Amino acid sequence: MKKAHENERHLFSGKLGFVLASAGSAVGLGNLWRFPYLAAQYGGGVFLLIYIILAISFGYTMIVAETAIGRMTRKCPIDAFESFSKKPIYRIGGWVTFLIALLIVPYYSVIGGWVVKYLAAFCTGGGAEIAEDGKFTAFISSSDQTLVCFLVFALLTVGVIYLGVQKGIERISKFIMPVLVVLAVIICIFVCTRPGAVEGIKYFLIPDFSHFSYKTVVGALTQMFYSLSIAMGILITFGSYMKKDISIESATTNVEIFDTGIAILAGLMVIPAVFAYSGGEKTAVGGGPSLMFVTLPKVFMSMAGGGIIGTLFFALVLFAALTSAIALTESVVFTLEERFRWSRVKATTITGIIILALGSLSCLGYGPWANFNIFGMQILDFFDFMTNSIMMPIAALLTCLLVVRVIGIGKIVLEVEDGGMPFRRKKLFSFMIRWVCPAFVAIILIASLLSVFGVIKI
Ligand code: PFF
């Protein structure tokens, strides 16, 4: 049987396909839901500055390395790691990378389902009702409602995967990503021109170093990791679908600009909106994870035209979440096709069943099974913690080791420069992957462990 990548369906048609699909994987709930509340919490402008510095150095290095590994091997993450070394540690690297995507999609789709609910509410004129106090908690604890919304989101995701790489992922990304940018710009202009928004814009854009602390750096590090979809196998997978005549450096730079640009636009939507609503009261943006589902609907409903802007906002979030879930699912399905020689239909169906099973657990974990805790966490939070705080740093560390100790930095450089392509940040890449990235990844892992055991608070 042909391996999946030997099939034309498993190649992007060109650079645009790769860039939009990879940007789609990167731009997600991380940008629209997580970035604004972290930026608000960790000092606004100073957080933004550190985030940008980390993205163009650390983040950039990791995405180039993963894309190059994918393109040079044309294999799924498990086989790619194994093709360089059969040592157990690197085999573990491949498997952990695969498992991360498999464990994230289900709970990510549950949160995607919450977005479906909020979009439906705003679309049907129910914005004021859903913005009422206690509505969000009541919704997530009603497992029948969350299950239905989760199902809608998961079926949309799996449906695109059935269609394949060019007809599914590439086509949907080419449609969704430009719409997403237009929506983001419209909402930003609307929000930033509201009375009282200027204070929020200043807080978000102008660095004030009195807000700087180690938490700013750790927060920006973990967020950048999450946002660029590092160590989830997505970029190895998408790199393996990339044709040789495309510049890895320029394509990954585009992805990075897209992802950071949307995060900045998200900050410019959310922070000024909350400032305008609260009359400049900074504590109002400290809503943490509930900022998007609890504070924002109230903020929108307090504005003239807020029903429409709320609808556009949740449509934007839904689009962003969908393209990320599609990318994660593609990484899993491609691995099952390659590793187990399953057909695309079989691999997609089995992945779909796993998503439904694990996602349902996450829904129930906030509802009737709320008393069931793992290490004091509800099921969804536990999956999130395991993947983001433990497994992703481990996979990233093993990726750095693989590049430095086994593949050799020179081979990655050759892959990037293949066909006479330029590699302007070559020196930065070599220095970062050898010294700085492993250190940063270790900081993320240690900080996550210390925070879960209550030693530090991040
Ligand atoms: N990078 C995407 C986002 O920012 O939402 C995708 C993603 C990241 C999904 C991390 C899941 C995750 F845990």
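Residues numbered from 1 in each chain as written. Predicted model: local features only at pLDDT ≥ 70, side-chain atom pairs only at ≥ 80, totals over all residues. Heavy atoms only, no water.

**What about the packing of helix α5 (residues 88-123) against helix α16 (residues 344-366)?**
The axes of two packed helices give the description: the angle between them and the distance between them. Worth spelling out the cut-off: Angles shown run from 0 to 180 degrees and are taken between the N-to-C directions of axes, each axis being a line fitted to C-alpha atoms and, for helices, limited to the stretch in contact. Strands are runs of DSSP state E lasting at least 2 residues, helices are runs of H or I lasting at least 4, and numbering of each runs from the N terminus. Between 65 and 115 degrees an angle is taken as roughly perpendicular, under 35 as roughly parallel, over 145 as roughly antiparallel, and anywhere else as oblique. Left-handed is the label given to a crossing in which the near helix is rotated counterclockwise from the far helix by less than a right angle, and right-handed is the label when the rotation is clockwise. Here a residue-residue contact requires only that any non-hydrogen atoms of the pair lie within 4.5 Å. Asp, Glu, Lys and Arg are counted as charged, while Ala, Val, Leu, Ile, Met, Phe, Trp, Tyr, Cys and Pro are counted as nonpolar; the rest, among them Gly, fall into the polar class.
Close contact between α5 and α16 brings their axes to 8 Å; oriented N to C, the two are set at 55°. If you check the angle between α5 and α16, you find them oblique. Crossing hand, α5 versus α16: right-handed. Contact residues: α5 offers L102, L103, V105, P106, Y107, S109, V110 and W114, while α16 offers I354, I355, L358, G359, S362, C363 and Y366. Split by residue class, the contact of α5 with α16 holds twelve nonpolar, three polar and no charged.

**A short note on the site of the ligand**
Spelled out, the test is: Nearness is judged by heavy atoms alone; a residue qualifies as near a molecule or strand once a single heavy atom is within 4 Å of it. In the analysis that follows, any N or O atom pair within 3.5 Å is treated as a polar contact, provided that within protein one partner can donate a hydrogen and the other can accept it, and provided that, for residues neighboring in sequence, both atoms belong to side chains. Values of accessible area rely on a 1.4 Å probe in the Shrake-Rupley scheme; residue burial ignores everything except the protein chains shown.
The environment of the ligand is made up of 16 residues, and the closest members are A26, G30, Y108, Y226 and S229. One of the backbone N or O atoms of A26 is found 2.9 Å from a nitrogen atom in the ligand. Protein contacts shield 100% of the accessible area of the ligand, which totals 330 Å² for the unbound molecule. Among the elements of the structure, α1 (15-26), α2 (29-41), α5, α11 (214-227) and α15 (306-340) are those that each provide at least two residues to the shell around the ligand.

**Considerations on helix α18 (residues 409-417)**
The following threshold applies: Burial status follows relative accessibility: with a 1.4 Å probe on protein chains alone, a residue under 20% of its type maximum counts as buried, one over 50% as exposed, and anything between as partly exposed. The arc in question is the one spanned by the directions pointing from the helix axis to the C-beta atoms.
By the burial criterion, the buried members of α18 are I409, I412, V413, E415 and V416. The buried side chains of α18 occupy one side of the element, clustering within an arc of 160° when seen end-on. Residues of α18 that are exposed and point over 90 degrees away from its buried face: K411 and L414. Buried residues along α18 sit in contact with α3 (45-73), α13 (248-278), α17 (379-407) and α19 (426-452). Just beyond α18, the residue with positive phi is G419, at close to 75°.

**Let's talk about the packing of α5 against α17**
Between α5 and α17, the shortest axis-to-axis distance is 8 Å and the interhelical angle comes to 145°. The two elements α5 and α17 cross, and the hand of that crossing is left-handed. Its residues assigned to classes, the contact of α5 with α17 comprises 21 nonpolar, four polar and two charged.

**A look at the pattern of salt bridges**
To keep it simple, the criterion reads: A side-chain nitrogen of Lys or Arg and a carboxyl oxygen of Asp or Glu constitute a salt bridge if their distance falls within 4 Å.
The final tally for this structure, using the stated rule, is 15 salt bridges. Among the ionic pairs, E415 bridges to K244, the shortest N-O distance being 2.8 Å. Separated by 171 residues along the polypeptide, E415 in helix α18 and K244 in the loop between α12 (234-240) and α13 bring together distant segments of the chain. Given the relative accessible area of 8%, E415 is considered buried. The salt bridge involving E417 is made with K426; its shortest N-O contact spans 2.8 Å. Judged by its relative accessible area of 25%, E417 falls in the partly exposed class. K426 gets classed as partly exposed once you look at its relative accessible area, which sits at 31%. When salt bridges that share partners are traced, they join R71, K244, E415 and D418 into one network.

**Overview of the packing of aromatic side chains**
Let me state the cut-off plainly: Centres within 6.5 Å are what make two rings of Phe, Tyr or Trp a pair, Trp counting through its six-membered ring; a difference in plane orientation under 30 degrees is then read as stacked, over 60 as edge-to-face, and the rest as tilted. Sitting over a ring, as applied to charges here, requires NZ of Lys or CZ of Arg to be within 6 Å of the ring centre and within 35 degrees of the ring normal.
Scanning the model with the defined rule gives 30 aromatic pairs in all. Judged by centre distance (6.4 Å) and plane angle (25°), the ring pair of F47 and Y51 falls under stacked. Of this pair, F47 and Y51 both sit in helix α3, four residues apart, which is roughly one turn of that helix. Each of the two residues, F47 as well as Y51, counts as buried. One Lys or Arg, R34, reaches over the ring of Y226 and ends 4.6 Å from the middle of that ring. Just above the ring of F190 sits the side chain of R194; from NZ or CZ to the centre is 3.9 Å.

**Focus: unusual backbone geometry**
Even without glycine at this site, S229 takes up a positive phi of about 55°. Residue placement: S229 occurs in the loop between α11 and α12. Its identity as a non-glycine residue notwithstanding, R341 has a phi of 55°, on the positive side. Its location among the elements puts R341 in the loop between α15 and α16.

**Re the confidence of the model for the protein**
As a reminder of what qualifies: The score called pLDDT rates the predictor's confidence residue by residue, from a low of 0 to a high of 100.
Per-residue confidence for the protein gives a mean pLDDT of 93, with 98% of residues at or over 70. For the protein, per-element mean pLDDT is lowest for helix α14 (residues 295-301), which scores 91, and highest for α18, which scores 98.

**Re a nonpolar patch on the surface**
Applied cut-off: Here a patch means residues that are over 30% exposed by relative accessible area and free of salt bridges, tied together within 9 Å if like-charged and within 5 Å if nonpolar (Val, Leu, Ile, Met, Phe, Trp, Tyr).
Among the surface-exposed residues, I446, L449, L450, V452, F453 and V455 lie close enough to one another that they form a single nonpolar patch of about 550 Å² accessible area. Along the chain, F453 turns up in the segment after α19. Of the residues examined, F453 reaches a relative accessible area of 66% and is grouped as exposed.

**Examining the environment of A263**
Within the secondary structure, A263 sits in helix α13. With relative accessibility at 1%, the residue A263 sits in the buried group. For the pair A263 and S227, spaced 36 residues apart in the sequence, the C-alpha separation amounts to 8.7 Å. In this structure A263 touches N31 and F35, once residues within four positions along its chain are discounted.

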